[in-house]
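Understanding the architecture of this molecule
Here are the chains, one letter per residue:
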Amino acid sequence: MESSDGKVVTGTYQVRLPDGRMQIVEYTADSDNGFVATVTYVPDPAPTPAPTPAPTPAPTPALEAIIDSAFDSVFDSTFGSKFDGPTDFFGSDPYLKRFSYHN
């Protein structure tokens, strides 16, 4: 805002600085004294805390992992440690190995 009486110009303006403070400049200008400014700074308001993000849910296991886990537990409960993987159960036939629970 600026005003003048014909001999002296007075005014003020405010600027928000990058660091958050407000700079207030009050000035006068006339032919005797030139431009005279008084600069004050108002501290930035207390910083607003950043919002806390919602907790991320634990990832769910992939469907394949769920199926493998269920099949492993059924296989182990049915056959125990009697078999050491698909080669013991299906032999060395590559066609039958495709249907094993581990390749």
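Residues numbered from 1 in each chain as written. Predicted model: local features only at pLDDT ≥ 70, side-chain atom pairs only at ≥ 80, totals over all residues. Heavy atoms only, no water.

1. What about the overall build of the chain?
So the rule is basically this: The secondary structure listing takes helices from DSSP runs of H or I that are at least 4 residues long and strands from runs of E that are at least 2 residues long, numbered from the N terminus. A simple rule labels every residue: compare its accessible area, found with a 1.4 Å probe on the protein chains alone, to the largest value its type can have, and call it buried under 20%, exposed over 50%, or partly exposed in between. Note on definitions: a residue-residue contact is assigned when non-hydrogen atoms from the two residues lie within 4.5 Å. Per-residue and other accessible areas follow the Shrake-Rupley method at a 1.4 Å probe size, with only the shown protein chains counted as cover for residues.
Secondary structure summary: the chain contains three helices and four strands in total. Its helices and strands in sequence order give the chain the pattern β-β-β-β-α-α-α, from N to C terminus. Considering the chain as a whole, with its 103 residues, one finds that 12% of them fall into the buried category. A separation of at least 24 residues holds for 14% of the contacts in the chain among residues at least 6 apart in sequence. Accessible surface, the chain as shown: approximately 8,500 Å² in total, 60% of it carbon and sulfur.

2. A look at the environment of Ala37
By the element assignment, Ala37 lies in strand E4 (residues 34–42). Exposure remark for Ala37: the relative accessible area of 37% places this residue in the partly exposed category. As a C-alpha pair, Ala37 and Val25 span 12 residues in sequence and 6.4 Å in three-dimensional space. Ignoring sequence-local partners within four residues, the contact set of Ala37 consists of Val25, Glu26 and Tyr27.

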